[in-house]
Amino acid sequence: MLTVTSTRQQTFKVPGAGTVTMTCTPEDGEVSQCNLKLQSSAKTAGVAMGMYNFNDSIRDFARASLRYGLSTQLPRVHEHQEHHS
């Protein structure tokens, strides 16, 4: 059984031409490595979306996915390739 993740997203309307950026602000105030330009010089209006997920949730999802994959007893990709080379 997969666990519910803590992914969050925010969608917003971009009213017209311009630049869309995403910025994080760490508690220490250092933002130089947290700026991401999503779209530069958009010519028209549109929609932008930002998403984040916490490390614990990412690890939990990866473990659950791996456990599920192992429980299916399907051949692993590298084993399948070796037998058909």
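Starting afresh in each chain, residues are numbered from 1 along the sequence in its written order. For a predicted model such as this one, the threshold for reporting local features is a pLDDT of at least 70, and the threshold for listing and counting side-chain atom pairs is 80 or more; totals across whole chains, interfaces and linings nevertheless cover every residue. The side-chain numbers reported here are obtained from all heavy atoms of the structure, hydrogens and water having been left aside.

### Let's talk about the pattern of salt bridges
Consideration 1: When a carboxyl oxygen of Asp or Glu is within 4 Å of a side-chain nitrogen of Lys or Arg, the pair counts as a salt bridge. In total, this model carries 2 salt bridges according to the counting rule given.
Consideration 2: The salt bridge involving Arg59 is made with Asp56; its shortest N-O contact spans 2.8 Å. Taken together, the residues Arg59 and Asp56, both in helix 1 (residues 55-71) and 3 residues apart, mark about one turn of the helix.
Consideration 3: By relative accessible area, which is 40% here, Arg59 ends up partly exposed.
Consideration 4: Here Asp60 makes a salt bridge to Arg63, at a shortest N to O gap of 3.7 Å. A residue pair is termed a helical-turn pair when its members lie 3 or 4 positions apart in one helix, as Asp60 and Arg63 do in helix 1 at 3 residues.
Consideration 5: Residue Asp60 is classed as partly exposed on the basis of its relative accessible area of 37%.
Consideration 6: Burial classes follow relative accessibility: with a 1.4 Å probe on protein chains only, a residue under 20% of its type's maximum area counts as buried, one over 50% as exposed, and anything between as partly exposed. Of the residues examined, Arg63 reaches a relative accessible area of 45% and is grouped as partly exposed. Secondary structure elements are defined from DSSP: runs of H or I of at least 4 residues count as helices, runs of E of at least 2 residues count as strands, and each element is numbered from the N terminus.

### Some points on a nonpolar patch on the surface
Consideration 1: Patches here: salt-bridge-free residues with over 30% relative accessible area, like charges joined within 9 Å, nonpolar side chains (Val, Leu, Ile, Met, Phe, Trp, Tyr) joined within 5 Å. Reported accessibility uses the Shrake-Rupley method at a 1.4 Å probe radius. Residues are deemed covered only where the shown protein chains occlude them. A contiguous nonpolar patch, built from Met22, Leu36 and Leu38 and spanning about 240 Å² of accessible area, is present on the exposed surface.
Consideration 2: Accessibility expressed as a relative area gives 45% for Leu36, which makes it partly exposed.

### Quick notes on the packing of aromatic side chains
Aromatic ring pairs are defined here through the distance separating the ring centres and the angle between the ring planes.
Consideration 1: Each aromatic pair joins two rings of Phe, Tyr and Trp (for Trp, the six-membered one) with centres within 6.5 Å, and gets the label stacked for planes under 30 degrees apart, edge-to-face for over 60, and tilted for any other angle. Summed over the entire model, instances satisfying the criterion amount to 1 aromatic pair.
Consideration 2: Residues Tyr52 and Phe54 carry aromatic rings whose centres are separated by 5.6 Å and whose planes lie at 75 degrees to one another, so their mutual orientation is edge-to-face.
Consideration 3: Look at Tyr52 and you get partly exposed, because its relative accessible area is 46%.
Consideration 4: The class of Phe54 is partly exposed, set by a relative accessible area of 48%.

### Structural notes on helix 1
Consideration 1: A helix is expected to span 1.5 Å multiplied by its residue count minus one. Its 17 residues give helix 1 an end-to-end C-alpha distance of 24 Å, which sits within 8% of 24 Å, the value for a rise of 1.5 Å per residue.
Consideration 2: One or two positions beyond helix 1, positive phi appears at Gln73, with a value near 60 degrees.

### Some details on the environment of Gly18
Consideration 1: Here Gly18 is to be found in strand 2 (residues 18-23).
Consideration 2: Among the residues examined, Gly18 registers a relative accessible area of 31% and is labelled partly exposed.
Consideration 3: C-alpha of Gly18 to C-alpha of Thr44: the two residues are 26 residues apart in sequence and 8.2 Å apart in space.

### Looking at the confidence of the model for the protein chain
Consideration 1: How sure the predictor is of each residue is captured by pLDDT, a score from 0 to 100. For the protein chain, per-residue confidence averages 76 on the pLDDT scale, and residues scoring 70 or more make up 74% of the total.
Consideration 2: Within the protein chain, the lowest mean pLDDT, 60, falls on helix 2 (residues 77-83), and the highest, 90, falls on helix 1.

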